[in-house]
Amino acid sequence: MAPDNLHESLLGLSWLIGRWEGSGKGTWPGEGEFEYGQQVDVAHNGGPYLHYMSQMFAVDEAGKATKPLAMESGFWRPAGGNQVELLLSNAEGRIEMWYGDVTGKKIELKTDAVIRSTSSEVTFTAGHRLYGHVEGDLLWTLDRATEEHEMQTYLWARLARAEG
């Protein structure tokens, strides 16, 4: 069931709305494997877009957040038919434009453009994201390329819908 006042163009994305929490893993050359906690909030205000915010945290052995790792915020925008855009800015000094397809409760995105500030330390150049609603959870993956490395798996997580 769609939330009240949801713009009709967002019906295919309505399953994203809410708070999602959980943990994920990552790997990158020079960094090795690591674990993180994550909270994703997706909201709407009646306009033809969804607001998206993701926060990642270092976690201790009990899974409790110990320090912030990354944060990104932006907008999901339907682009006609089953097409969608995701416009993101993040605390690492990048603005990213993603585009892709929505197929049921699966979203596949690729970067269209990446803009880095002069102080950005990460040389991110391209990416591929998958989001899916599986067994009631939000699963997502991020593959990325940098100036130093070809496209490869970077992050993946399973997030449960938060109560309340």
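On a predicted model such as this, the values are computed, not experimentally measured, just so you know. (Residues numbered from 1 in each chain as written. Predicted model: local features only at pLDDT ≥ 70, side-chain atom pairs only at ≥ 80, totals over all residues. Heavy atoms only, no water.)

Attention now moves to the overall build of the chain. Counting secondary structure elements, the chain contains 0 helices and 10 strands. When the helices and strands of the chain are listed from N to C terminus, the series reads β-β-β-β-β-β-β-β-β-β. Relative to a compact globule of 164 residues, whose C-alpha radius of gyration would be 15 Å, the chain shows 16 Å and is just as compact. Overall size of the chain, expressed as C-alpha extent along the three principal axes, is 45 × 35 × 25 Å. A total of 164 residues make up the chain; the buried ones form 37% of that total. (Helix = DSSP H or I, 4+ residues; strand = E, 2+ residues; numbered from the N terminus. Rg over C-alpha atoms; globule rule 2.2 N^0.38 Å. Buried < 20%, exposed > 50% of the residue type's maximum accessible area, 1.4 Å probe, protein only.)

According to UniProt, the feature "domain: THAP4-like heme-binding" (unreviewed entry) maps to residues 10-161 in the numbering used here. Between the first and last C-alpha atoms of residues 10-161 the distance is 19 Å; the span itself is 0% helix and 70% strand. (UniProt positions renumbered as here; feature names shortened; annotations may be inferred.)

For the rest of this paragraph, the subject is the pattern of salt bridges. Considering all chains together, one arrives at 9 salt bridges under this definition. Salt-bridge contacts for Arg116 lead to Glu147; the nearest nitrogen and oxygen are separated by 2.9 Å. Within this pair, whereas Arg116 is found in strand 7 (residues 106-116), its partner Glu147 is found in the loop between strand 9 (137-146) and strand 10 (152-161), the two being separated by 31 residues in sequence. Here Glu147 falls in the exposed class, since its relative accessible area comes to 52%. (Salt bridge = Lys/Arg side-chain N within 4 Å of Asp/Glu carboxyl O.)

A separate point is the nonpolar core. Grouped together as the largest cluster of nonpolar side chains are 32 residues, with contacts concentrated most on Leu13, Leu16, Leu50, Trp76, Ile107, Tyr131 and Trp140. Ranked by the residues each element gives to this core, the list is headed by strand 10, at 4 residues. (Core = buried A, V, L, I, M, F, W, Y, C linked by side-chain atoms within 4.5 Å.)

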